[in-house]
Amino acid sequence: MINNPKLSYLKADLRSLSLFRIILGISILYNLYIKSFYCIEFWGAEPIIPIPLFQTLNGVNSISIFDYIRNDNFAYLYFAASYFFTLLFTLGIKTRITTVICCFLFWNLLQSSATFTFGFDYYTFHLLFLACFLPLDSHFLVKIFKEQKAINEPRLIFSILIFYQIAWIYLASAFAKYGESWMNGYAVQNMLLDKWATTGLGKLLSDQYWYYMPATYLTLTLEFSLVFLIFLPYKSSLLRFIASTILFVFHLNIALTYDVGNFSISGFAAAALLLPAAFWDRLKVHKTAFQKTDLVKNVYLRRIGLYFSIFVLFVITVKNLNFCSNNNFFKDSAIAKSMNSVLAFANIPSPIRVSFFNQHWKMFAPNPPVKSGWLALEVQKKDGLTYDFFNNQLITEEPKINWTPKGLEFYLLYYCRNFDNPNGNNVKYKLFLKYWIKYILKKHKYPMAEIDNLIFSDYIYTTAKKPHKKKVNFSLYSAVEIINQEFEKPLANKSSSFD
């Protein structure tokens, strides 16, 4: 099957692979930039969360180099090395080596902070992991060393593998989007009402029916159709070009309206990978005229690669089917329960926390959050008035965003919102918040004698199908209560109109 000429249309084009490499490298560099804001706070000698507790949260299958080496200089050096090798990877320098090194360095960062690893981290890692098995240096590279004398042709099985992974990411996400907001066409609006995460353009479009209704249904259409556009052999070049184009437009739309880290850049990389050979031929970007050879010449290594690829395909299939059966409209049906029984028999537990075993693509599903808002740390001063802790802005009756965190801190606090929610992953973010407040007090040298004047404010507003005026509820918590893990009783609950 693997050498079947009829499947050759699924082999990735070398020029597309090279463009994929460049964009994926940029995506990883941006991801590292996000994480570098907390270089010491997460990977240094004294992270925000105490190391034993951090390791307990991560679990026994999250072993990493940071379990053995923990100091600030090493953290800085590690990030510098990650930047360096990712840059080499992006430029196309010795990619057979730099891809593996880059993947190992990025994997270690995710493993060491697995409890607080996000969807865009996993998406990026999956693409980088599979990139290790593909030749990426045939075009668009910086030639520092002597020129290569042969092109390494991508093996068909590895091309199929990465296409298969991309198709499942979006298909599984589509199956999970069965909620009312997706079915009734206002899910995108609910996303764009999150004013802490949306861009200026996103805020402008949030109430535009002509935009959010088509965008909602087109998202579902794209995610369901991508698998057919990639794998149907009929006019495969045209279908792949359509898949690449709509995937690019989809992620461009997200990038312009909503902050989801480097998710959209990784999406651009996937779109580049899907570009067919006909696209490059049309642009007259010709293949380098070297003799073709295979990346792996040893027959035993080729067999190991084949068996491993089949194993990865099996794991991806089982994990995604299991996700779909538990995240769809019919999840409580007899068919879904029978399917779960079969999948439970076929399931292989993941030996490590961050790997291709993780196939959980719940992107704003089954509905985007209906409670949005922002957080603030406020302080009551001697004049009896309340001010923002970070920029000293006076807190008025009209709720407004006075402070927005940057980098990794933003994504962590993003999930700390709706503080009084007792369910789901909110507990681990409450725990983070406890140590984050301690860290902020220490960083700003806030006098502990005045800690009773410090207030944590959780601003929440509930979205609706056609919101015009929204009530903003804001719960005020004593910083002392949060530090002592007393989450149950806010000091006050208030509400105000918010346009």
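This one's a predicted model, so the numbers in the text were calculated from it and none came from an experiment.

Caption draft 1: Region of interest: the pairing of strand 5 (residues 454-462). Here strand 5 lies mainly inside the structure; 8 of its 9 residues are buried. Bridge count between strand 3 (residues 371-380) and strand 5: 9 bridges; the pairing is antiparallel. Bridging from a neighbouring strand, V379 pairs with L454 of strand 5.

Caption draft 2: Fine view of the packing of helix 6 (residues 119-131) against helix 13 (residues 263-273). Contact pair helix 6 / helix 13: the axes reach a minimum separation of 9 Å and the direction vectors enclose 25 degrees. Looking at the two axes, helix 6 sits roughly parallel to helix 13. For the element pair helix 6 and helix 13, the recorded crossing hand is left-handed. Where helix 6 approaches helix 13, its residues F120, Y123, T124 and L127 are matched on the opposing element by F263, S266, G267 and A270. Residues that form the contact of helix 6 with helix 13 fall into these classes: 5 nonpolar, 3 polar and no charged.

Caption draft 3: Representation of the pattern of salt bridges in the model. Tallied over the full model, the rule gives 5 salt bridges. A salt bridge links R15 to D13, with the nearest nitrogen and oxygen atoms 2.9 Å apart. Both residues of the pair, R15 and D13, count as buried. The partner of R15 in a salt bridge is D281, and the shortest N-O contact between them spans 3.0 Å. On the criterion of sequence distance, the pair formed by R15 in helix 1 (residues 14-36) and D281 in helix 14 (residues 277-282) is long-range, its members being 266 residues apart. Under the relative-accessibility criterion, R15 is labelled buried at 0%. Judged by relative accessible area, which is 41%, D281 ranks as partly exposed. Through salt bridges that share partners, D13, R15 and D281 make up one connected network.

Caption draft 4: Expanded view of the packing of aromatic side chains. Using the criterion set out here, one finds 55 aromatic pairs in the structure. When the centroid spacing of 5.4 Å and the interplanar angle of 85 degrees are considered together, the rings of F175 and F224 count as edge-to-face. Of this pair, F175 sits in helix 7 (residues 156-176) while F224 sits in helix 11 (residues 209-231), placing them 49 residues apart in sequence. Positioned above the aromatic ring of W182 is the side chain of K177, whose terminal nitrogen or guanidinium carbon lies 5.2 Å from the ring centre.

Caption draft 5: Looking closely at the nonpolar core. F432 and W436 are the most contacted members of the largest nonpolar core, which has 136 residues in total. At 13 residues, the largest contribution of residues to this core is made by helix 7. Apart from the residues within four sequence positions on either side, W436 is in contact with Y38, I48, L377, F390, W403, E409 and L413. Residues V188, L192, L205 and M213 belong to the second largest nonpolar core, which totals 8 residues.

Caption draft 6: A look at the packing of helix 7 against helix 15 (residues 299-326). Orientation of helix 7 relative to helix 15, taken along the N-to-C sense of each, is 5 degrees, at an axis distance of 10 Å. Here helix 15 runs roughly parallel to helix 7, going by the angle between their axes. Between helix 7 and helix 15, the residues in contact are I157, F158, L161, Y164, Q165, W168, A172, S173, F175 and A176 and G305, L306, S309, V312, L313, I316, T317, N320, L321, F323 and C324, respectively. Class assignment of the residues belonging to the contact of helix 7 with helix 15 gives a composition of 15 nonpolar, 6 polar and no charged.

Caption draft 7: Layout of the side chain of T115. Counting through the fold element by element, T115 comes out in the loop between helix 5 (95-112) and helix 6. A relative accessible area of 4% means that T115 is categorised as buried. Side-chain polar atoms of T115 contact the backbone oxygen of L57, separated by 2.9 Å. Among all residues touching T115, those that are not within four sequence positions of it are L57, N58, R353 and K428.

Caption draft 8: Structural view of a nonpolar patch on the surface. Taken together, the side chains of L201, L204, F248, V249, L252 and L256 present a nonpolar region at the surface, about 530 Å² in accessible area. Elements with a contribution of two residues or more to the nonpolar patch: helix 10 (200-205) and helix 12 (236-257). Along the polypeptide, L204 turns up in helix 10. Residue class for L204 comes out exposed when judged on its relative accessible area of 59%.

Caption draft 9: Region of the structure containing the environment of F419. Locating F419 in the fold gives a position in the loop between helix 17 (407-414) and helix 18 (426-443). Considering only alpha carbons, one finds F419 and Y459, 40 residues apart in sequence, at a separation of 9.5 Å.

Calculation notes
- Residues numbered from 1 in each chain as written.
- Predicted model: local features only at pLDDT ≥ 70, side-chain atom pairs only at ≥ 80, totals over all residues.
- Heavy atoms only, no water.
- Buried < 20%, exposed > 50% of the residue type's maximum accessible area, 1.4 Å probe, protein only.
- Helix = DSSP H or I, 4+ residues; strand = E, 2+ residues; numbered from the N terminus.
- Pairing = 2+ DSSP bridges.
- Axes fitted to C-alpha atoms, helices over the stretch in contact; angles between N-to-C directions.
- Parallel < 35°, antiparallel > 145°, perpendicular 65-115°, else oblique.
- Left-handed = near helix turned anticlockwise from the far one by under 90°.
- Contact = heavy atoms within 4.5 Å.
- Nonpolar A, V, L, I, M, F, W, Y, C, P; charged D, E, K, R; others polar.
- Salt bridge = Lys/Arg side-chain N within 4 Å of Asp/Glu carboxyl O.
- Phe/Tyr/Trp six-rings, centres within 6.5 Å; stacked < 30°, edge-to-face > 60°.
- Lys NZ or Arg CZ within 6 Å of the ring centre and 35° of its normal.
- Core = buried A, V, L, I, M, F, W, Y, C linked by side-chain atoms within 4.5 Å.
- Polar contact = N/O pair within 3.5 Å; in protein donor to acceptor, adjacent residues only side chain to side chain.
- Patch = residues over 30% accessible without salt bridge, like charges linked within 9 Å, V, L, I, M, F, W, Y side chains within 5 Å.
- Areas by Shrake-Rupley, 256 points an atom, 1.4 Å probe, with all protein chains shown as cover.

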